[in-house]
Amino acid sequence: MTSLKAAIIGLGNIAPMHINSLDYLGIPITAKCDIRPTEGAFTSYEEMLAAGGFDVLHICLPHHLHAQVAIAALQKGYHVLTEKPMATTVADAEKMLGAAQASHRQLGVIFQNRYSPGAQLIKESLPALGAVQGGWLQVTWHRPEEYYKNSQWHGRWATEGGGAVITQSIHTFDMMNYFLGEPTNISAAIANRAHPSIEVEDVAEGVITYGGAKISFYVNTFHPHNAPASLELVCQNGRATLIGEDAEITFTNGRKLTASADTSAQQRFGMKSYWGVSHVKQIQDFYNSLATGQPVKIDGYEGLRTQRLVDGIYGSAKGSVNGNSSNENV
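These numbers were taken from a predicted model, which means no experiment stands behind them. (Residues numbered from 1 in each chain as written. Predicted model: local features only at pLDDT ≥ 70, side-chain atom pairs only at ≥ 80, totals over all residues. Heavy atoms only, no water.)

(A) Layout of the packing of aromatic side chains. With the rule as written, the count across this model stands at 6 aromatic pairs. Ring geometry for F54 versus Y78: centroids 4.3 Å apart, planes at 15°, classification stacked. One end of the pair, F54, is in the loop between helix 2 (45-51) and strand 3 (56-59); the other, Y78, is in the loop between helix 3 (66-75) and strand 4 (79-82), and 24 residues separate them in sequence. The ring of Y147 has R143 lying over it, and the distance from NZ or CZ to the ring centre is 5.4 Å. (Phe/Tyr/Trp six-rings, centres within 6.5 Å; stacked < 30°, edge-to-face > 60°. Helix = DSSP H or I, 4+ residues; strand = E, 2+ residues; numbered from the N terminus. Lys NZ or Arg CZ within 6 Å of the ring centre and 35° of its normal.)

Here it is in structure tokens:
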């Protein structure tokens, strides 16, 4: 793994998660790129790809740039690990996957929350919990007007691809896919209730159907604070809840299982929250897969599944901010 070299494009808020993870893992970063002039960094990704000297490109760009940069890198023969969301549309995500297949290179998508102890406990407990009968997920966070006004790309359909669903809540939606597989139907509504400066939704609600299980959801970005993202699965033999990093499995026979933040990993990696700790875990897993020739766990196919879920929500809501909804078969 140490023979592999990395490059990073996009040196904004999320980039330190990748830089710190690579530093901890001992993977050298031999190239950086950002539109803002930075010492030692390229300002053109085409020039960086042409210069080479690395094996994996980490994409930490605004959403609408993921597809074009990933496809260019894959066509040049580089592996790609991109931040969520995979793209802003299913069509672009499919093009990225096609480029990976044609180039015989690996495409990974960051959904680091799958690596938390709580998520792992629920995933491992599902067979014993039995058939999922229903459940819910909720993400109620706070994003002030300044968050959007100070950004060149947040809050616009063309550049962000959406709002509360694709940006703030996508990890929780991805978690539900991780637990339950492919949804069969989506009925949703979106609206903009509290952010007059943006085009996209700041609230969404609806029902996602997985086989015989209906999962209700409610997400917004005008809550007074960032409440812990949460979900619950009600099953034949008990129920599973995940509130922030804390998971609890309660079986009908009274047995309980719990999991919480990985404090040992926080100390080992020198990072305080699952946000950073789980980035290290996923990035390490990605590079181990490259080194051993094993399939990447959260690959382009997994990214595409969650992209389809997000697009299904927007498709059901018909891209409206007026609260209209319809069923969307997926």
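(B) Quick look at the packing of helix 3 against helix 4 (residues 90-103). Where helix 3 meets helix 4, the axes come as close as 9 Å, and the angle between the chain directions of the two elements is 10°. The orientation of helix 3 with respect to helix 4, classified from their angle, is roughly parallel. Of helix 4, the residues touching helix 3 (which contributes H66, A67, A70, I71 and L74) are D92, K95, M96, A99, A100 and S103. Of the residues that constitute the contact of helix 3 with helix 4, the class distribution is 7 nonpolar, 2 polar and 2 charged. (Axes fitted to C-alpha atoms, helices over the stretch in contact; angles between N-to-C directions. Parallel < 35°, antiparallel > 145°, perpendicular 65-115°, else oblique. Contact = heavy atoms within 4.5 Å. Nonpolar A, V, L, I, M, F, W, Y, C, P; charged D, E, K, R; others polar.)

(C) Local environment of helix 4. Compared with the 20 Å implied by 1.5 Å per residue over 14 residues, the 20 Å span of helix 4 between its first and last C-alpha is a close match. For helix 4, every residue scored as buried is listed here: V90, A93, M96, L97, A99, A100 and S103. Against helix 3, strand 4, strand 5 (107-109) and helix 12 (300-317) lie the buried residues of helix 4. Among the residues trailing helix 4, H104 stands out with phi positive, at a value near 60°. (Expected span 1.5 Å × (residues − 1). Buried < 20%, exposed > 50% of the residue type's maximum accessible area, 1.4 Å probe, protein only.)

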